[in-house]
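Here is what each chain is made of, one letter per residue.
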Amino acid sequence: MTIKERPILEIKNLSVTFTAGRKPVRAVDGVDLSVARGEVVALLGESGSGKSVTLRTILRLHNERRTKMEGSLLVRGSDVLKMKTRELGDLRGRTVSMIFQEPMLAMDPVYSVGQQIIEVIRKHEPVSYEEARKRALHLFERVRIPSPERRLDAYPHEMSGGMRQRAMIALALACKPEILLADEPTTALDATVQVQILLLLRELQHELGLSVIFVTHDIGVAVEVADRIAVMYAGRIVEIGPVRSVIRTPRHPYTRGLLSTRGHGGRLSGKRLPAIPGSPPDLANLPPGCAFAPRCALADDRCRAQAPSPTTVDEGHVVRCLRTDATTQSLAAADVSA
């Protein structure tokens, strides 16, 4: 009998509330998520759905005086939410590392990129400056930055967007982390460079056996990089499952709406793409019941009054919806975005 290996990351009933404004904003509401060793999970959803907040909470990057975090967040069995400052310092960069959405803002403009990578290496490992510089140069070569020796001494503003993103990946991998958090790392890049960065990330993930949470609003990207997809809406994971299952048989109207907004093989050529009506809700004033109900063509009085609980609809495929009947949703799929 084989004992199932414990996930390297386990998030249980995680809630994150920002308290700085006139009214508290619960940006993450009861999220449950686990990531196995070597697995890639894509967090998918519109802006404001809680994806980036979830990622930053894993590293406790929020202002803790203005943020209330509840639940548990276990990395290799240790609860990040209970860690002391020194433990967090050891965790960040070494066990868990992050690729930020905009490297120009994430990197310090007054230090060369090479200096920043060297500093990270020497903070976590007892190596000389020369050895750390050799490691940084090797990382630049690994992420295929042209003229790596010269670029190592370049400042962030002296590099193109694609090279800055590659440098950010090198920085994230500097101390050989086990978990990589990627916060929409290709959003600010043109299409050709996006493809190059995605291929590089996928190659490095396989080569290094990394566990990855990849935040994106692009379903095409999620399909390319992930083993599982978790769809977020209004701070909750409303659907999660293997990529094939979620894409082929989406069981939440929001997931169906996201899928319908993409053209497929030119079938919508010359036609207006369908869109999900309305806008994401105000997280400080969420409606009662299902948060998606005001935008959902399938919603009934029960949906508007009762918040749905997680329901398993297939192996590893879980959805928060009171209207999960596949036949009903298939017949109504065309109306979801009407």
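Rules behind the numbers
- Residues numbered from 1 in each chain as written.
- Predicted model: local features only at pLDDT ≥ 70, side-chain atom pairs only at ≥ 80, totals over all residues.
- Heavy atoms only, no water.
- Domains from an automatic or database assignment.
- Contact = heavy atoms within 4.5 Å.
- Buried area = accessible area lost by both parts, 1.4 Å probe.
- Salt bridge = Lys/Arg side-chain N within 4 Å of Asp/Glu carboxyl O.
- Helix = DSSP H or I, 4+ residues; strand = E, 2+ residues; numbered from the N terminus.
- Buried < 20%, exposed > 50% of the residue type's maximum accessible area, 1.4 Å probe, protein only.
- Core = buried A, V, L, I, M, F, W, Y, C linked by side-chain atoms within 4.5 Å.
- 1 Å grid on protein atoms, 1.4 Å probe; cavity = no way out; pocket = protein on both sides within 12 Å on 5 of 7 lines; lining within 4 Å.
- Points joined across faces, edges and corners; volume = space filled by probe spheres on them.
- Nonpolar A, V, L, I, M, F, W, Y, C, P; charged D, E, K, R; others polar.

### A closer look at the domain arrangement of the chain
Along its sequence, the chain is organised into domain 1 (7-95 + 179-263) and domain 2 (105-176). Just the C-alpha atoms count here: the centres of domain 1 and domain 2 sit 25 Å apart. With 18 residues of domain 1 in contact, the opposing surface of domain 2 contributes 15 residues. Approximately 1,400 Å² of surface area, both sides summed, lies buried where domain 1 meets domain 2, with 60% of it carried by carbon and sulfur atoms.

### Let's talk about the pattern of salt bridges
In total, this model carries 19 salt bridges according to the counting rule given. When the shortest N-O distance is used, the salt bridge between Arg94 and Glu125 registers 3.8 Å. Here Arg94 is found in the loop between helix 2 (85-91) and strand 6 (96-99), whereas its partner Glu125 is found in the loop between helix 4 (113-124) and helix 5 (129-142), with 31 residues between them in sequence. Given a relative accessible area of 36%, Arg94 falls into the partly exposed group.

### Considering the nonpolar core
Counting residues in hydrophobic clusters, the biggest one holds 98 residues, and the most contacted among them are Leu9, Leu33 and Ile117. For this core, the element with the most residues is helix 7 (residues 161-172), which contributes seven residues. The residues that make up this core include at least three from each of domain 1 (7-95 + 179-263) and domain 2 (105-176). Excluding anything up to four places from it in sequence, Leu33 contacts Leu9, Glu10, Ile11, Val41, Leu43, Ile213, Ala230, Ile237 and Ile240.

### Comments concerning empty space enclosed by the protein
Summed over all chains, the structure comprises two cavities of 30 Å³ or more. Here the largest cavity defines a volume of roughly 90 Å³. Taken together, Val40, Leu180, Ala182, Leu198, Leu201, Arg202, Gln205, Val212, Phe214 and Val225 make up the full set of residues lining the largest cavity. Put simply, the parts of the chain that give the lining of the largest cavity at least two residues each are strand 7 (179-183), helix 8 (191-208) and strand 8 (211-216). When residues in the lining of the largest cavity are grouped by element, the largest group, four residues, is from helix 8. For the lining of the largest cavity, a count of residues per class yields eight nonpolar, one polar and one charged. There is about 70 Å³ of room inside the second largest cavity. In terms of lining, the second largest cavity is formed by Pro253, Cys290, Phe292, Ala293, Cys296, Leu298, Ala299, Cys303, Cys321, Leu322 and Arg323.

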